Amino acid sequence: MPELPEVEVVRRGLADHVVGRTLKGVEVLHHRSVRRHAAGMADFRDRLEGVRVLDACRRGKYLWFPLDSGEALLAHLGMSGQLLVCAPEIAPQKHLRVSAGLVPEGATAPATQLRFVDQRTFGHMLVDEVGPGVGGRPVPLVASHIAADPLEPAFDDAEFARALTNRRSGVKRALLDQSLVSGVGNIYADEALWRTGLHGEQPAGTLTRADVKRLLVAVRDVLEAALDEGGTSFDGLYVNVNGESGYFSRALRVYGREGQRCGHCGTPIVREVFMNRSSFRCPRCQSMRGGED
């Protein structure tokens, strides 16, 4: 699933192409892609037709576009969602689910199209009201419970440290809890934990202030490094708005590197089952504290 860097790369690309444009000719080609818009497909189209996009925003893994109607168009990419900007004459992609023409200011016809392509249809789009979210930032109501992410000004390091060390779960499970910290998924959690030397199952309540400080530094460093490389692509399912892949997969130190040597100590990286997915760590650098690994 795309995590913060991938979604931010998409947001930045969309900001250049959709802000200031008016939506025209909105089409929904698969009902599952708007399944969370409770009023249905026709209402989704009606609320978007003729409205102007004011901005392109993100919190964690959520993208949204404030509209001049006072509402927002929200998108979650799910496992395979892509938001592409294409010329209208380009043939529809095989898994095209939603499209909308983008009319520049002063024009009457779309110059480009915003297209939501989603092979597995786990992603979704909806139109929602906007209200205050965590930290007071205006967000779509459906995402109002999502915590601030580590790269935004609303993120409170001290509050995060208090909340994290009050958890009984392992530290990796806590990092994946979007109500505690948003935008960190499986890949970047593994990378940050390796940089910090923490076992993912280490109880969060056993971490010291110094541990949490180092963990936050590692999380931010790995997210920003991934942003610089355009995110992480393992296949063609994650691409930016121009259809290009990211290259951070070449810089991963533990994720997906089972059997390869740890860059710190040379011990082979191991893969373990975690919450129905794969988790990777160095068994020497990331051993459990206070007991056998």
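Let's shift gears to the packing of aromatic side chains. Tallied over the full model, the rule gives two aromatic pairs. Between F155 and F160, the ring centres sit 5.5 Å apart and the planes meet at 45°, which makes this aromatic pair tilted. Taking the relative accessible area as the measure of exposure, F160 reaches 4% and is therefore buried. Their ring planes at 70° and their centres at 5.1 Å tell us that Y255 and F280 sit as a pair that is edge-to-face. Within this pair, whereas Y255 is found in the loop between α6 (209-228) and β11 (270-274), its partner F280 is found in strand β12 (residues 277-281), the two being separated by 25 residues in sequence. The pair formed by Y255 and F280 is uniform in burial state, with each residue classed as buried.

For the protein, per-residue confidence averages 91 on the pLDDT scale, and 92% of positions sit at 70 or higher. Overall, residues 233-238 carries pLDDT values under 50, and its contacts beyond four positions in sequence, including any with other chains, amount to 23 contacts.

What follows covers the pairing of strand β5 (residues 81-86). Burial analysis of β5 places six of its six residues in the buried class, which makes it a mostly covered element. The alternating pattern of β5 places G81, L83 and V85 and Q82, L84 and C86 on opposite faces, both of which are buried.

Right, let's get into the pairing of β12. Here β11 pairs with β12 via five bridges, running antiparallel. Counted as the bridge partner of V273 is S278 from β12. Counting the residues between successive antiparallel strands, the hairpin from β11 to β12 contains two residues, one of them, M275, with a positive phi of roughly 50°.

Let's shift gears to the pattern of salt bridges. Enumeration over the complete set of coordinates arrives at 16 salt bridges. Of the charged contacts in the structure, one is a salt bridge between E8 and R58, with a shortest N-O distance of 2.8 Å. Taken together, the residues E8 in helix α1 (residues 4-18) and R58 in strand β2 (residues 57-59) connect sequence positions 50 residues apart. For E8, a relative accessible area of 7% corresponds to the buried category. A salt bridge links E152 to R137, with the shortest nitrogen-to-oxygen separation between them at 3.2 Å.

Where α1 contacts α6, the two axes come as close as 9 Å, and the packing angle between them is 45°. Of the possible angle classes, the one that applies to α1 and α6 is oblique. Along this stretch, α1 crosses α6, giving a crossing that reads as right-handed. Here L4, P5, E8, V9 and R12 of α1 come into contact with α6, specifically with L223, A226 and L227. Tallied by class, the residues present in the contact of α1 with α6 amount to six nonpolar, no polar and two charged.

Once that is clear, we can look at the side chain of S80. The topology assignment puts S80 in the loop between β4 (72-76) and β5. In terms of polar contacts, S80 uses its side chain to reach the side chain of D118, at 2.6 Å. In this structure the side chain of S80 is engaged in a polar contact, spanning 3.4 Å, whose partner is the backbone nitrogen of Q119.

Its place among the elements puts D190 in helix α5 (residues 186-196). From its side chain, D190 meets the backbone nitrogen of F280 in a polar contact 2.9 Å long. Not counting residues within four places of it along the chain, the set of residues in contact with D190 comprises K172, V254, Y255, S278, S279 and F280.

In this model, T121 sits at a positive phi of 55°, which is unusual for a non-glycine residue. The topology assignment puts T121 in the loop between β7 (112-118) and β8 (124-128). Among the residues examined, T121 registers a relative accessible area of 9% and is labelled buried. One non-glycine residue with positive phi stands out, namely N276, at about 65°. Topologically, N276 is positioned in the loop between β11 and β12.

With that settled, consider the packing of α5 against α6. With their axes 8 Å apart at the nearest point, α5 and α6 run at an angle of 130° to one another. If you check the angle between α5 and α6, you find them oblique. Seen from above, α5 lies across α6 with right-handed handedness. Between α5, through Y188, E191, A192, L193, R195 and T196, and α6, the contact on the second element is made entirely by D211, R214, L215, A218, V219, D221, V222, L223 and A226. Per-class residue counts for the contact of α5 with α6 are nine nonpolar, one polar and five charged.

What counts and what doesn't
- Residues numbered from 1 in each chain as written.
- Predicted model: local features only at pLDDT ≥ 70, side-chain atom pairs only at ≥ 80, totals over all residues.
- Heavy atoms only, no water.
- Phe/Tyr/Trp six-rings, centres within 6.5 Å; stacked < 30°, edge-to-face > 60°.
- Buried < 20%, exposed > 50% of the residue type's maximum accessible area, 1.4 Å probe, protein only.
- Helix = DSSP H or I, 4+ residues; strand = E, 2+ residues; numbered from the N terminus.
- pLDDT = per-residue confidence, 0-100.
- Contact = heavy atoms within 4.5 Å.
- Pairing = 2+ DSSP bridges.
- Salt bridge = Lys/Arg side-chain N within 4 Å of Asp/Glu carboxyl O.
- Axes fitted to C-alpha atoms, helices over the stretch in contact; angles between N-to-C directions.
- Parallel < 35°, antiparallel > 145°, perpendicular 65-115°, else oblique.
- Left-handed = near helix turned anticlockwise from the far one by under 90°.
- Nonpolar A, V, L, I, M, F, W, Y, C, P; charged D, E, K, R; others polar.
- Polar contact = N/O pair within 3.5 Å; in protein donor to acceptor, adjacent residues only side chain to side chain.

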